[in-house]
Amino acid sequence: KKYVYFFGKGRAEGDASMKQLLGGKGANLAEMVRLGVPVPPGFTISTEVCKYYYDHGKTYPEELKDQVLKAMKELEEATGKVFGSPENPLLVSVRSGAAVSMPGMMDTILNLGLNDETVEGMIKSTNNPRFCYDAYRRFMQMFGDVVLNIKHEYFEEELNKVKTEKGVKLDTDLDADDLKKVVERYKEVYKKAGHKFPQDPWDQLWKAIDAVFGSWMNERAIKYRELNGIKEGSLLGTAVNVVAMVFGNMGEDSGTGVAFTRDPNTGEKKYYGEYLPNAQGEDVVAGIRTPYPLTKLEEMMPDVYKQLLDIFEKLEKHYRDMQDIEFTIERGKLYLLQTRTGKRTPFAAVRIAVDMAEEGLITKEEAIMRVSPDHIETLLHPYFEPETKKNASLLAKGIAASPGAATGIIVFDPAEAERMVKEENKQVILVRPETSPEDIAGMAAAEGILTSTGGKTSHAAVVARGMGKPCIVGCEAIEVDEKAGVIRIDGKEIKEFSWLSIDGTTGEVFDGKLATVKPQGLEGPLAKILQWADEIRKLGVRTNADTPRDATVARNFGAEGIGLCRTEHMFFEEERIPVVRQMIVAKTKEQREIALEKLLPMQQEDFVGLFKAMEGYPVTIRLLDPPLHEFLPKEDEDIKALAEEMGLSYEELKATVEELHEFNPMMGHRGCRLSITYPEIAVMQTKAIIGAAIQVLKEEGKTVIPEIMIPLVGHINELKYLKKIITETADKMIEEAGVDLQYKVGTMIEIPRAALTADEIATEAEFFSFGTNDLTQMTFGFSRDDYGKFVKEYIEKGILEVDPFQKLDRTGVGQLVKMGTEKGRSTRPNLKVGICGEHGGEPSSIEFCHITGLDYVSCSPYRVPVARLAAAQAAI
Ligand code: ADP
Ligand code: MG
Ligand code: MG
């Protein structure tokens, strides 16, 4: 079986389509060779070997050794150097790379092949002893750290000692002899740690290969996969790339850089990147030295710069997407070391997709597929309120690395940040000198990230952008003093755990907690892509809105009506709650009518606002639904106050409240059951709805389309009973007003029995709306208020793959939705069917609704653009 794939000298055994087998890095290195892009030659050990390694107690397939040997021979031929040769040694890097890019999560070792002999050979061929000993000591350090787990600091300590002994500060002040001394000291470090530095290059190579395969299962790689929803087992593992070394640290005509073919923050079509002269690749990524912008290269080496731009163009055209590139220049000769589809901010994702479609590089459909629906929402999320920002105290300005505004308390330790967010519900800004891969859990928990060093391609910047979190890096004015528990800026001290606000769009850091606002409208490329989505999608998108304000927001986001107005939500306002309580605790019809009388104008006024905001679109209003306990007075004080207002004694009312207590309110006296026992509630609400509709129609001449929705129906007769009351009330009003008003009466399908008898129910119902929150609750028998206690464990133990309240359960609940829809349409072919649970704004559930042939989804206002895009993606 073939396990090893060679690339170099214009010939490659792999190509870009082989990502699963060769990993993204390996597949793209091969592809670049095929494209004629200069790449140092090398070979890739496939991901199948990684799988084998873990399946067989960390051993390799028998054929592997020979295949590696053979590939190394080819590599030697391609480079004209010999691995382990004391005359002209070949050095290699050993690099990880899985099918899905996991930047910085796994290990890489550079300069492998150096030992006491080969270093002399290298000096002969380069004539640069200082450089060679520096490479040697770097290799020892990296190898010790990665392969043998010897602490990085032990090496740094020795290096610093040699510097102190010589009385210099910078690494660059050390000459070849000093570095040779460092190498000897490093050998001691190995010894102290109970190891011996392996002099045999083949021994080095196999140990490095072990380490790279081993890094597939290191903690941070596992965490990364978990955070990014990469399922264990969906990938074979990592590949190992053995690549001939090229050196960016051979002088001023050498260097290294990373670049994006478009700006990964804004999406702007311009080259973007960083360049560090006389350095090895690791130096840029680690954020140790602050690199120059890419344009510096144009000044220093215009020809190489031009060649690089040509390659950018070639790669972008070829891959038809923005590329993230690593390159190294060795004595004026350019090499590409990596290309991959670049991570980008949600904002840039939209802009790049739209631009590329307009440039004709991709189709509109592809553009739509390239934007993640979940990212859309972050684009609509907060920025600092401009007035507050003007008056805020600006502490410092760093490099704007990932846009958006965030505010939280300063926390230094990522683990602490994670804990405070999870356990104490705190809002946190993670502040650090820089971040490294083991910090990702803390970064994920934080609202935003601020680092004092590093550039736009440092770890913090790259990871934050991927997460869509506001981030500022290289904020050098800030000194982080973890020991003292403070940050210092300009002589000012700010304690850990005090509030800080960061603007990742501008790089500004503010003292205290700034007010944030959410952007209102959709504009620019986002509006464009949603417009394309509207052309493609088949599902309608409505909103769940209870107030005119929400309705207006949603309409501006593109909602085509209200799919659910929860009338009880209108009652949560302070002055209304007592009236609602009066209605609930009323003992007689008369008492209840007094309360309803008071509620009627309030409701009518609300509906007027809703109808106006949704002019021309349907507005679905659900009759009172809540489990009574949501409204009952609980505190004695509330009971006293209410008793007084109603002219009752405290004892009397207390008794009533106790009588109304339910053991299982979610399955108790709620929904249509309320109106069946107290028809006057349905009458009042119908009056308010139809009254409002008539008012808007008459006074403003606006088109109003009210849809009255009856909740929690399980039996056709419930619906029949209420529909009669509603239509009698409504028709009478319409006739008296002498207007032409069309309205509909329909039902929620949220009890399994309703789905099972949907054909019967549809003979009465003029529309269906699946209330998948309750339907999930009743189908699983999971109480929505209690399932939180066990659902996490269900997911951890693999009993459920996801929380069914977040993502519609297609096999179970989904079957009821499908059956309900089909049965409903069997007796009423033109039945309109929608969904109004939380699932209506969740991309996978939306896809299911599309497949099932629903007419529309309804979701919260900020999810409307998400749903528009997801609906289009479902249709592609
Ligand atoms: P990562 O996936 O973490 O980026 P890489 O395998 O790309 O790891 O390598 C880390 C750094 O080392 C990069 O900056 C890369 O450009 C550099 N590098 C890797 N292989 C070589 C090589 N053969 N010659 C020179 N630099 C290299
Ligand atoms: Mg890389
Ligand atoms: Mg419900």
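Residues numbered from 1 in each chain as written. Chains lettered and ligands numbered in written order. Predicted model: local features only at pLDDT ≥ 70, side-chain atom pairs only at ≥ 80, totals over all residues. Heavy atoms only, no water.

Visitor: Quick one: what's the story with the nonpolar core, residue by residue and with numbers?
Guide: A general trend in soluble globular proteins is that nonpolar side chains are found buried together. Counting 123 residues, the largest nonpolar core has Ile529, Phe607 and Phe611 as the members making the most contacts within it. With 10 residues, helix H27 (residues 679-700) is the largest single contributor of residues to this core. Here this core spans two domains, since at least three of its residues come from each of domain 2 (246-344) and domain 4 (537-627 + 662-875). In this structure phenylalanine 607 touches Cys565, Thr567, Met570, Ile621, Gln685, Ala688, Ile689 and Ala692, once residues within four positions along its chain are discounted. Core analysis: the next-biggest nonpolar cluster, separate from the first, contains 89 residues, Leu114, Tyr136, Val162 and Val189 among them. (Core = buried A, V, L, I, M, F, W, Y, C linked by side-chain atoms within 4.5 Å. Buried < 20%, exposed > 50% of the residue type's maximum accessible area, 1.4 Å probe, protein only. Helix = DSSP H or I, 4+ residues; strand = E, 2+ residues; numbered from the N terminus. Domains from an automatic or database assignment. Contact = heavy atoms within 4.5 Å.)

Visitor: Talk me through the coordination of the magnesium ion (ligand 3); I want residue IDs and the actual numbers.
Guide: Note on the magnesium ion (ligand 3): its protein donors are Glu750 (OE) and Asp774 (OD). The metal-donor distances range over 2.0 to 2.1 Å. One end of the pair, glutamate 750, is in the loop between strand S31 (744-749) and helix H29 (752-756); the other, aspartate 774, is in helix H31 (residues 772-780), and 24 residues separate them in sequence. Each of the two residues, glutamate 750 as well as aspartate 774, counts as buried. (Donors = N, O, S within 2.8 Å, 3.2 Å for Na, K, Ca; no water.)

Visitor: Which residues make up helix H17 (residues 414-424), and what are the values?
Guide: Listed as buried for H17 are Pro414, Ala417, Glu418 and Met420. Taken around the axis of H17, the buried residues stretch over an arc of 165°, which confines them to a single face. Elements in contact with the buried residues of H17: helix H9 (219-227), strand S17 (405-411), strand S18 (428-432) and helix H18 (440-445). Immediately beyond the C-terminal end of H17, within one or two residues, lies asparagine 425, with a positive phi of roughly 60°. (Arc of directions from axis to C-beta.)

Visitor: Summarise the coordination of the magnesium ion (ligand 2); cite the residues concerned and give the values.
Guide: Of the protein atoms, only Glu326 (OE) and Gln338 (OE1) coordinate the magnesium ion (ligand 2), at distances of 2.0 to 2.1 Å. With a gap of 12 residues between them, glutamate 326 in strand S12 (residues 323-330) and glutamine 338 in strand S13 (residues 333-341) connect regions that are remote in the sequence. Residue glutamate 326 is classed as partly exposed on the basis of its relative accessible area of 22%.

Visitor: Could you give an account of the packing of aromatic side chains, with specific residues and numbers?
Guide: The final tally for this structure, using the stated rule, is 23 aromatic pairs. Members of the aromatic cluster, joined through ring pairs, are Tyr133, Tyr136, Phe139, Phe143, Phe155, Tyr186, Tyr190 and Phe197. Sitting above the plane of the tyrosine 335 ring, lysine 333 keeps its charged end 4.8 Å from the centroid. (Phe/Tyr/Trp six-rings, centres within 6.5 Å; stacked < 30°, edge-to-face > 60°. Lys NZ or Arg CZ within 6 Å of the ring centre and 35° of its normal.)

Visitor: If you had to explain the sheet that holds strand S23 (residues 492-495) to someone new, which residues and values would you point to?
Guide: Here we have three strands laid out as an open sheet, ordered S21-S22-S23, and antiparallel in their pairing. Each end of this open sheet is capped by a strand with a single partner; those strands are strand S21 (478-481) and S23. Within this sheet the neighbouring strands show an average axis-to-axis angle of 25°, counted without direction. (Pairing = 2+ DSSP bridges. Axes fitted to C-alpha atoms, helices over the stretch in contact; angles between N-to-C directions.)

Visitor: Kindly report on the sheet that holds strand S9 (residues 255-260), identifying the contributing residues and their values.
Guide: Strands sit in the order S11-S10-S9-S12-S13 across an open sheet of five strands; the sheet is antiparallel. Each edge of the open sheet carries a strand with a single partner, namely strand S11 (292-293) and S13. The pairing of S9 with strand S10 (residues 272-277) spans six bridges and is antiparallel. Pairing of valine 258 across the sheet is with glutamate 274, part of S10. Sitting on the sheet, helix H12 (residues 302-319) touches S9, S12 and S13, and the angle it makes with S13 is about 25°.

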